Amino acid sequence: MSELNLILLGPPGAGKGTQADRLRDDFAMPHISTGDILRAQVAEGTELGQEAKRYMDAGDLVPDEVIVGMITDRVAEGDARDGFLLDGFPRNQKQAEALSEALNGLERHLTAALLIEVPDDEVVRRLAGRRVCVKNPGHIYHVDFDPPKHEDVCDQDGSRLIQRDDDREETIRHRLEVYHTQTEPLIDYYDGKGLLRRLDGRRGPDEVHAHVRATVATLRLEENL
Ligand code: AP5
């Protein structure tokens, strides 16, 4: 079976992590989230984590030198050999080119860029109410749109739910600016290569999931033709 090498594009709070967690279960592909990798480094107190935290707390992108090698090495690892779902990378033109070069070097190619589109005001509403599991950042909730059964407790493993440090309103607004100036140009970049698939992220999580899953299933069929 052909591999599916996918990236998830979209503004902060579009639901990339929420959908990636579901797609990982649907298609048994590794979910590689740059944000989760960086936050794990911060939690461990590594040198990389300490450097990254300054940028993350401000809502700025971590320098390319820190992130590019880490992700291009990661997609070459064994569990990603049959495909991967990249969430949060690439975020600018330089990262997109680095990914393309790394895949070329492995004689692989990107299958598609899945763009989840959500307007800015909805992003602010979503991120202000987001809660994440302290143990597993893939377990994501929203106080109104997707609440846990018991307040501040993860349904899936009983751990405590926390609010991310960069989910304060002024930081969210800055992250959106960074998205519009640095990441949004990648929409045209991937569209020009015929790789872009647009998804309406304004619908509820289950509806978005049904659309994303159908899109990925179609891509898999096309890859196998
Ligand atoms: P990262 O962790 O990648 O954050 P992000 O891209 O800003 O995306 P988010 O995780 O905030 O949102 P999401 O789209 O995953 O939404 P979610 O599913 O959680 O990056 C953080 C930082 O790390 C960056 O600012 C940067 O500093 C650094 N970084 C990361 N990658 C980098 C890179 N490549 N280069 C440089 N720096 C990098 O959903 C959000 C909320 O909405 C949740 O509460 C959820 O329950 C709810 N929700 C989800 N879907 C729906 C829906 N359909 N309807 C209603 N509510 C929904």
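In what follows, the structure referred to is the one given above.
Let me begin by describing the structure that accompanies this report.

Procedures and definitions
Residues numbered from 1 in each chain as written. Predicted model: local features only at pLDDT ≥ 70, side-chain atom pairs only at ≥ 80, totals over all residues. Heavy atoms only, no water. Core = buried A, V, L, I, M, F, W, Y, C linked by side-chain atoms within 4.5 Å. Buried < 20%, exposed > 50% of the residue type's maximum accessible area, 1.4 Å probe, protein only. Helix = DSSP H or I, 4+ residues; strand = E, 2+ residues; numbered from the N terminus. Contact = heavy atoms within 4.5 Å. Near = heavy atom within 4 Å. Polar contact = N/O pair within 3.5 Å; in protein donor to acceptor, adjacent residues only side chain to side chain. Areas by Shrake-Rupley, 256 points an atom, 1.4 Å probe, with all protein chains shown as cover. Salt bridge = Lys/Arg side-chain N within 4 Å of Asp/Glu carboxyl O. Axes fitted to C-alpha atoms, helices over the stretch in contact; angles between N-to-C directions. Parallel < 35°, antiparallel > 145°, perpendicular 65-115°, else oblique. Left-handed = near helix turned anticlockwise from the far one by under 90°. Pairing = 2+ DSSP bridges.

## Observations regarding the nonpolar core
Among the nonpolar cores identified, the biggest contains 31 residues, and Leu-86 and Tyr-190 are the most heavily contacted of them. Ranked by residues supplied to this core, first place goes to helix H4 (residues 64–74) with five residues. Residue contacts for Tyr-190: discarding those within four places in its chain leaves Ile-7, Leu-9, Pro-90, Ala-96, Leu-110, Ala-113, Leu-195 and Leu-196. Judged by nonpolar contacts, the second largest core, of 23 residues, contains Leu-23, Ala-112, Leu-114 and Val-208.

## Details of the site of the ligand
As a matter of local geometry, the ligand sits amid 36 residues, with Thr-18, Asp-60, Arg-91, Arg-130 and Arg-175 nearest to it. Within the backbone of Gly-17, a nitrogen or oxygen atom sits 2.8 Å from an oxygen atom of the ligand. One of the side-chain nitrogen or oxygen atoms of Gln-95 is found 2.9 Å away from a nitrogen atom of the ligand. Expressed as a share of its isolated accessible area of 1000 Å², the protein-covered part of the ligand is 97%. Among the secondary structure elements, those contributing two or more residues to the shell around the ligand are helix H1 (16–27), helix H2 (34–44), helix H6 (120–128), strand E6 (140–142) and helix H9 (205–224). A per-element tally of the shell around the ligand places H2 first, with four residues.

## Points about the pattern of salt bridges
One pass over the full model with this rule turns up 20 salt bridges. Between Arg-130 and Asp-167 there is a salt bridge, and its shortest N-O distance comes to 2.9 Å. With Arg-130 in strand E5 (residues 130–133) and Asp-167 in the loop between strand E7 (161–162) and helix H7 (169–183), the pair connects residues that are 37 residues apart, well separated along the chain. Just as Arg-130 is buried, Asp-167 falls in that class too. Between Asp-167 and Arg-175 there is a salt bridge whose closest N-O contact spans 3.0 Å. Take Asp-167 and Arg-175: they sit in the same class, and that class is buried. Overlapping salt bridges bring together Arg-130, Arg-164, Asp-166, Asp-167 and Arg-175 as one network.

## Description of H6
Among all positions in H6, only Glu-122, Val-123, Val-124, Arg-126 and Leu-127 are buried. Along its buried surface, H6 packs onto E5, E6 and H7.

## Let's talk about the packing of H4 against helix H5 (residues 93–105)
Relative orientation of the contacting elements H4 and H5 amounts to 25°, with a least axis distance of 10 Å. As far as their axial angle goes, H5 and H4 are roughly parallel. Of the two possible hands of crossing, H4 and H5 adopt the one that is right-handed. Across from Asp-64, Glu-65, Ile-67, Val-68 and Thr-72 in H4, the residues of H5 making contact are Lys-94, Gln-95, Ala-98 and Ala-102.

## Side note on the sheet that holds strand E2 (residues 31–33)
Overall, parallel pairing links the five strands, which are arranged E2-E3-E1-E4-E8 in an open sheet. Either end of the sheet is taken by a strand with one partner, and the two such strands are E2 and strand E8 (196–200). On average, adjacent strands in this sheet sit at an angle of 20° to one another, irrespective of strand direction. Alignment of strand E1 (residues 4–9) against strand E4 (residues 112–117), held across four bridges, turns out to be parallel. Residue pairing in the sheet places Leu-9 in a bridge with Leu-115 of E4. Across the sheet, H2 is in contact with E2 and strand E3 (83–87); its angle to E2 comes to roughly 60°. Lying on the sheet, helix H8 (residues 185–192) is in contact with E1, E4 and E8; it crosses E8 at an angle near 130°.

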